[in-house]
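# Chain and residue survey
Okay, here's what each chain looks like letter by letter:
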Amino acid sequence: MGLLSATMSLARYRVAGGIPDPFLDTVRDRLKNHAIREIDNDPAEKSVGWTCFENSFQPDFDKDNLVIGTHLVFSLRIDKKQIPAKVLRKHLDMAVAKRLKQTERSSLTRNEKQELRDEVARRLYVRIPATPNVYDVVWDYEGQALWFFSTQKAANEEFESIFAKTFKLSIIRMFPFTEAEMISGLTDEQKDLLYKAGPADFQGGAHA
Amino acid sequence: MLDVAVAYNRYKYLGNEFLTWLWFMMETDRSNLDFPEAESSELDIGNRIVLENTRGNRDETITIKGDGAGLEEGVIALKKGALVTEISLAMKAPEAEWRFQLKGESLNISSLKPPEKNPAEAADDIEQRALEQIAHVERAANLVHQLYQQFIQQRLSEDWAKTVVPAMARWITHSA
C-alpha cells in the first residue's frame, strides 16, 4: 500500500520547525544516523530505521535520490522476527528438560523458566530471518505537510517516535481535532467554541 | 494544546459528524459543497459505508458494501441515532475517477485508487510514477481538507444549532 501501489493508504501529518543548512546534506546525515540495521543472524527481535524509497533493501543514502519533484521521499523499514508459538514451546520444553537433568531437580522456579524462555528465544531469533515491512514517507517540507503510507497504529507510532528522534522536529498527526485547530483557519473565538463543543444530537438538538 | 491521545478520543465524534454531514450535503445540498477544484469535481458515495450507534448502551455497527448496494439500511440506522464512521467516496472528473475510504475518527485516507491508466501511457520511470501518485494523493488530501474545513466552520457557527442540525434531523426523519 505504498506510494507506487495500485491502492494507497496514508495518515497525514504536520511538521513544525526547520532543518539547518545545508538542507539536503543534513537530511541525508540524519537519515543515515537512524538507518535500518540488518538483524538477520543476530539475536535482535526487531529493527526500525530509515531506508531509501527506490532501494529499500540496500540503501545508499549518499547516492540514492531523496527528492522527487518538490517532496522529500524516503521510507521507514520495520524488520521483525516472529517465532511460531509451537516452535518456541518445543525448544523451551527441550531446554527445561535439559536443565532439570543437569541440576537433578524436579522443577524450575518461575524466574528460571522466564530466563530460559528468553535464552531460547534469543537463540531462535539468530536462526529466523526478519520479515521486512516498508512504509513510504512523502514530505512537503515547505508546506510542512507529510504523508506516511500506512494507517496501522503500531507503524504510525514507530514512525512518529523515530521521526522526532531523527529530525528533532515536532510532528503532529492530523485527525478531527488537530485538523480543526491547526489548519482550518479558525479564529481564537472559534477555537474556544471547539474546546467547549460536545456531540450533536440529530434526533433532538445540539451543543454549541 | 490538549494531549494528543486525549484530543483524539475526546473529539473523534467530530469526524463521525463530518461524514454524516457529508452524506447529508451530498443528498440535499450538493451544489454548496466546497470543492478545491471547482471546475470539474463531483463526489459520490462509493461502495462502502459503515455506521455506528453508541447511543444509550448500544454498540451497533452497520456495514453496507457492494457496488449496487442501497443505503436504506444506513438510513434506518441514522433514524435510530447512528452516525457514519467510515465512508467510501468516488471523486469524479471528466474521464477520471478516484476512489478512497475515509475514516471519521482519524480522517485517514485508505484504499485510494487513482484513475486507471492505459498501460501504454503508464510511466516506466519510477520518479515519474511517484510524481503522478503524489498528484493523486494531493487531490484526495486537498478534497478531504477543504470539505472538513467547510464542515468545521459551519459546525462552530451559530447556524449549526439553529439551522444545520434541525435540517439534518428532518433529512434523517423523512428519508425513505
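These numbers come from a predicted model, not from an experiment. (Residues numbered from 1 in each chain as written. Chains lettered and ligands numbered in written order. Predicted model: local features only at pLDDT ≥ 70, side-chain atom pairs only at ≥ 80, totals over all residues.)

### Looking at the overall build of chain A
- In terms of helices and strands, chain A carries six helices and seven strands.
- Relative to a compact globule of 208 residues, whose C-alpha radius of gyration would be 17 Å, chain A shows 24 Å and is clearly more extended.
- The C-alpha extent of chain A, read off along each of the three principal axes, is 75 × 55 × 35 Å.
- In chain A, which comprises 208 residues, the proportion classed as buried is 27%.
- Within chain A, residue pairs in contact and separated by at least 24 positions form 65% of the contacts whose partners lie at least 6 positions apart. (Helix = DSSP H or I, 4+ residues; strand = E, 2+ residues; numbered from the N terminus. Rg over C-alpha atoms; globule rule 2.2 N^0.38 Å. Buried ≥ 20, exposed ≤ 12 C-beta atoms within 10 Å, placed from the backbone. Contact = placed C-beta atoms within 7 Å.)

### So, the environment of Met174(A)
- Turning to its location among the elements, Met174(A) is positioned in the loop between β7 (170–173) and α5 (176–183).
- Classification of Met174(A) as buried rests on a count of 24 C-beta atoms within 10 Å.
- For the pair Met174(A) and Val120(A), spaced 54 residues apart in sequence, the C-alpha to C-alpha distance is 42 Å.
- Each residue touching Met174(A), except ones within four places of it in the same chain, is listed here: Arg12(A), Tyr13(A), Arg14(A), Glu179(A) and Leu107(B).

### Notes on the nonpolar core
- Judged by nonpolar contacts, the single largest core of 75 residues is most densely connected at Phe148(A), Ala140(B) and Val144(B).
- No other element matches the ten residues that helix α4 (residues 126–155) of chain B contributes to this core.
- Apart from residues lying up to four places away in sequence, Val144(B) is in contact with Leu102(B), Leu107(B) and Ile109(B). (Core = buried A, V, L, I, M, F, W, Y, C linked by C-beta atoms within 7 Å.)

### Concerning the interface of chain B and chain A
- On the chain A side, the residues contacting the 40 residues of chain B number 39 residues.
- For the side of chain B that touches chain A, the secondary structure elements donating two or more residues are α1 (4–10), α2 (12–28), β5 (109–113), α4 and α5 (158–174) of chain B.
- Ranked by residue count, the leading element in the side of chain B that touches chain A is α4(B), at twelve residues.
- Of the residues assigned to the side of chain B that touches chain A, the class counts are 26 nonpolar, eight polar and six charged.
- Of the strand pairs in this sheet, strand β1 (residues 8–16) of chain A and β5(B) are connected by two bridges, and their pairing is antiparallel. The partner of Leu10(A) across the bridge, within β5(B), is Ile109(B). (Nonpolar A, V, L, I, M, F, W, Y, C, P; charged D, E, K, R; others polar. Pairing = 2+ DSSP bridges.)

### Side note on unusual backbone geometry
- Cis geometry is found at the peptide bond from Asp21(A) to Pro22(A), where omega equals -5°.
- When you line up the elements, Pro22(A) lands in the loop between β1 and α1 (23–33).
- Of note, Glu104(A) is a non-glycine position whose phi angle comes to about 55°, a positive value.
- Structurally, Glu104(A) can be placed in the loop between α2 (85–103) and α3 (110–127).
- We note that Leu107(B) has phi near 60°; this positive angle belongs to a residue other than glycine.
- For Leu107(B), the location among the structural elements is in the loop between β4 (96–103) and β5.

### Concerning α2(A)
- Taking 1.5 Å per residue, 19 residues should reach 27 Å; α2(A) reaches 27 Å between its end C-alpha atoms and fits that length.
- α2(A) sits mainly on the outside: zero of its 19 residues count as buried. (Expected span 1.5 Å × (residues − 1).)

### Structural notes on the domain arrangement of chain A
- Domain assignment breaks chain A into domain 1 (11–81 + 134–196) and domain 2 (85–127).
- Summarising the inter-unit geometry, the C-alpha centres of domain 1 of chain A and domain 2 of chain A are found 40 Å apart. (Domains from an automatic or database assignment.)

### Section: the environment of Leu14(B)
- Within the secondary structure layout, Leu14(B) lies in helix α2.
- In this structure the C-alpha to C-alpha distance between Leu14(B) and Phe151(B), which are 137 residues apart in sequence, comes to 9.5 Å.
- The residues touching Leu14(B), leaving out its near neighbours within four places in the chain, are Pro176(A), Phe177(A) and Ala180(A).

### Considering the confidence of the model for chain B
- Summarising the model, chain B shows a mean pLDDT of 89, and 93% of its residues fall at 70 or more.
- Prediction confidence for the complex, expressed as pTM and ipTM, is 0.91 and 0.91 respectively. (pLDDT = per-residue confidence, 0-100.)

### Here's the deal with the packing of α2(A) against α3(A)
Residues and elements named next belong to chain A.
- Contact geometry of α2 with α3 gives a least axis separation of 10 Å together with a crossing angle of 125°. Relative to α3, the element α2 lies oblique. Taken as a pair, α2 and α3 cross one another with a handedness that is right-handed. Contact residues: Val87, Leu88, His91, Leu92, Ala95, Val96 and Arg99 in α2; Leu116, Arg117, Val120, Ala121 and Leu124 in α3.
- The class makeup of the residues in the contact of α2 with α3 is nine nonpolar, one polar and two charged. (Axes fitted to C-alpha atoms, helices over the stretch in contact; angles between N-to-C directions. Parallel < 35°, antiparallel > 145°, perpendicular 65-115°, else oblique. Left-handed = near helix turned anticlockwise from the far one by under 90°.)

### As for the pairing of strand β2 (residues 60–65) of chain B
Residues and elements named next belong to chain B.
- Taken together, the six bridges between strand β1 (residues 42–53) and β2 define a ladder with antiparallel strand orientation. The residue bridging Leu51 from the neighbouring strand is Ile62, located in β2.
- Hairpin connection between β1 and β2: a loop of six residues separates the two successive antiparallel strands, and Gly56 in this loop has a positive phi of roughly 60°.

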